[in-house]
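Report on the structure
Spelled out, the chains give:
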Protein chains: 2
Amino acid sequence: MNLQGILIVVSGFSGSGKGTIMKELLKRYDNYALSVSATTRQPREGEADGREYFFKTREEFEKMIAEEELIEYARYVNNYYGTPKAYVEEQLAAGKDVILEIELQGALKIKEKFPEALLLFVTPPSAAELKRRLVNRGTETAEVIEQRMKRAEQEAEGMESYDYYVVNDVLDACVEDVHRIICAEHGRSMRNREFAEQIKSELKGE
Amino acid sequence: MNLQGILIVVSGFSGSGKGTIMKELLKRYDNYALSVSATTRQPREGEADGREYFFKTREEFEKMIAEEELIEYARYVNNYYGTPKAYVEEQLAAGKDVILEIELQGALKIKEKFPEALLLFVTPPSAAELKRRLVNRGTETAEVIEQRMKRAEQEAEGMESYDYYVVNDVLDACVEDVHRIICAEHGRSMRNREFAEQIKSELKGE
């Protein structure tokens, strides 16, 4: 049926493990491409241009905005973050399912521009489990954990805007769940209008 | 997440192999229950009451209509056909995914009453392949084959009302496709509103 890839937005609570899930997906299956965001923030140690982010100057970024080279962008703490359009479009046309890891506001902008985008929300089985994971990391202060939990409370308000919830309980099963959702979605009727039209016109021609 | 089963409507061209797909699903996985229709038509040789159909008198059937014991019903060629409600509701509550094999009109009635029902349309890869299969059966006259193809042309007009297209090319792969769609759909946000509400209220309580 459809040969075009699916644009997939992945969001989820900090501590939900969405980053790990995406890395595993890319490792296990070759139908995925991960979109790399552009940003004006400074690279941190270990980050490479074109891998974690495309690092841009403010002028370069504003030129990308002006020339409509971004699917969506936002400003956090005086820095721009955005999704370059060219890469996403190339990969979709080549049949790749392109994954964007962005937050609610960006996800909603994507859904508006691309109604056929697939929005996944990754969550631990419960709020108690989310807290347990943040505490068990052992790297965060009680204050930071409280901030994260407050943030999760806000993020949860947007859960209804997503198409699927992905419960990350056991990582391996969760990766397979995500893959299964995406494979299944390739058969959705709204992604296969051309196929339906073709069957219809063939049947009329009989 | 959700413990409730999914109500699944399967339609498709005569010759698409949907009957075989459903039999295989029931054989391979234990999460499915097949809804048995009620009808006033006479049993044919080899048909058993409660297996192919629940055979009813006209009076019995009309009583079922009057007492709202049917999810949907229709009249074809002077006989009634309908879906008994009790069995479907029991199975859904027990967590089974209940499959109804019905045609477009019935499918649309189901979707109206149960917006969360999942509508699958089974089709061969092409109209040419549909015709080839009908011819290869060797049991139908050219005239009957032409009628079937005309019927398919009408049925195709309703394809857009379905949620997914299932292309039956290789049976085994097709059965797995259907199973994958249904498993994936259990994670859809609209089927898991309670789960989202619970996470939210837990996060508020933190």
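Residues numbered from 1 in each chain as written. Chains lettered and ligands numbered in written order. Predicted model: local features only at pLDDT ≥ 70, side-chain atom pairs only at ≥ 80, totals over all residues. Heavy atoms only, no water.

Rotating chain B by 180° and moving it 0.0 Å along the rotation axis overlays it on chain A with an RMSD of 0.0 Å. Such a combination of rotation and displacement between the chain copies is what one expects of a two-fold axis. (Least-squares fit on C-alpha atoms with pLDDT ≥ 70 in both.)

Moving on to the interface of chain B and chain A. Taken together, the contact pairs 40 residues of chain B with 40 residues of chain A. Of the roughly 3600 Å² buried at the junction of chain B and chain A (both faces included), carbon and sulfur atoms supply 61%. Arginine 188 of chain A serves as the salt-bridge partner of glutamate 185 of chain B, at 2.7 Å between the closest nitrogen and oxygen. Among the elements of the structure, α5 (127-137), α6 (142-156), β9 (164-167), α7 (171-185) and α8 (193-205) of chain B are those that each provide at least two residues to the side of chain B that touches chain A. In terms of residue count, the dominant contributor to the side of chain B that touches chain A is α8 of chain B (eight residues). (Contact = heavy atoms within 4.5 Å. Buried area = accessible area lost by both parts, 1.4 Å probe. Salt bridge = Lys/Arg side-chain N within 4 Å of Asp/Glu carboxyl O. Helix = DSSP H or I, 4+ residues; strand = E, 2+ residues; numbered from the N terminus.)

A word on the environment of serine 14 of chain A. Residues and elements named next belong to chain A. Tracing the sequence through the fold places serine 14 in the loop between β1 (7-12) and α1 (18-28). For the pair serine 14 and valine 122, spaced 108 residues apart in the sequence, the C-alpha separation amounts to 9.5 Å. Beyond its immediate chain neighbours, meaning those up to four positions away, serine 14 contacts Leu130, Leu134, Arg148 and Glu155. Only 3.2 Å separates the side chain of serine 14 from the side chain of arginine 148, close enough to count as a polar contact. (Polar contact = N/O pair within 3.5 Å; in protein donor to acceptor, adjacent residues only side chain to side chain.)

The next thing to look at is the sheet that holds strand β2 (residues 32-34) of chain A. Residue and element names in this part refer to chain A. Pairing is parallel across the open sheet formed by five strands, whose spatial order is β2-β7-β1-β8-β9. Of all the strands in the sheet, the pair left with one neighbour each is β2 and β9 (164-167). Adjacent strand axes in the sheet meet at a mean angle of 30° when their direction is disregarded. Both strand β8 (residues 118-123) and β9 contribute to a ladder of four bridges, which runs parallel. Its bridge partner being in β9, phenylalanine 121 is matched across the sheet by tyrosine 165. Strands β1, β7 (97-101) and β8 of the sheet are contacted by helix α4 (residues 104-113), whose axis makes an angle of about 155° with β1. (Pairing = 2+ DSSP bridges. Axes fitted to C-alpha atoms, helices over the stretch in contact; angles between N-to-C directions.)

What follows deals with the pattern of salt bridges. Across all of its chains, the model carries 44 salt bridges over all chains by this definition. Measuring nitrogen to oxygen at the nearest pair gives 4.0 Å for the salt bridge that ties glutamate 67 of chain B to lysine 63 of chain B. The class of lysine 63 of chain B is exposed, set by a relative accessible area of 51%. Between arginine 191 of chain B and glutamate 185 of chain B there is a salt bridge; the shortest N-O distance is 2.8 Å. In this structure, arginine 191 of chain B and glutamate 185 of chain B share a single accessibility class: buried. One network of salt bridges, in which partners are shared, links Glu185, Arg188 and Arg191 of chain A together with Glu185, Arg188 and Arg191 of chain B. (Buried < 20%, exposed > 50% of the residue type's maximum accessible area, 1.4 Å probe, protein only.)

Looking at chain A as a whole, its pLDDT mean stands at 93, while 99% of the residues score no less than 70. Overall fold confidence for the complex sits at a pTM of 0.91, while the interface term, ipTM, reaches 0.89. (pLDDT = per-residue confidence, 0-100.)

Moving on: the side chain of glutamate 153 of chain A. Secondary-structure assignment places glutamate 153 of chain A in helix α6 (residues 142-156). With a relative accessible area of 18%, glutamate 153 of chain A lands in the buried category. Those residues in contact with glutamate 153 of chain A that sit more than four places away from it in its chain are Leu203 and Lys204 of chain B.

In this section: the sheet that holds strand β3 (residues 37-39) of chain B. Residues and elements named next belong to chain B. Strand order across the open sheet formed by four strands is β4-β3-β6-β5, with mixed pairing between neighbours. The strands lining the two open edges of the sheet, one partner per strand, are β4 (53-55) and β5 (70-76). Ignoring strand direction, the axes of neighbouring strands in this sheet form an average angle of 25°. In the packing of helix α3 (residues 85-93) onto the sheet, contacts are made with β5 and β6 (79-84), and the angle to β6 comes to roughly 25°.

Residue and element names in this part refer to chain A. Looking at the secondary structure, you find arginine 58 in helix α2 (residues 58-66). Arginine 58 sits in the partly exposed class, given a relative accessible area of 33%. Along the sequence, arginine 58 and tyrosine 80 sit 22 residues apart, while their C-alpha atoms lie 7.8 Å from each other. Excluding residues that lie within four positions of it along the chain, arginine 58 makes contacts with Thr40, Arg75 and Asn78.

Residue and element names in this part refer to chain B. Direction vectors running N to C along helix α1 (residues 18-28) and α7 enclose 70°, while the axes themselves pass 10 Å from each other. Taken together, the axis directions place α1 and α7 in an arrangement best described as roughly perpendicular. Helix-helix and strand crossings are classified by hand; for α1 and α7 the assignment is right-handed. Counting all contacts with α1, which are made through Thr20, Ile21, Glu24, Leu25 and Arg28, the residues of α7 involved are Leu171, Asp172, Cys174, Val175, Glu176, Val178 and His179. Among the residues forming the contact of α1 with α7, the class breakdown is six nonpolar, two polar and four charged. (Parallel < 35°, antiparallel > 145°, perpendicular 65-115°, else oblique. Left-handed = near helix turned anticlockwise from the far one by under 90°. Nonpolar A, V, L, I, M, F, W, Y, C, P; charged D, E, K, R; others polar.)

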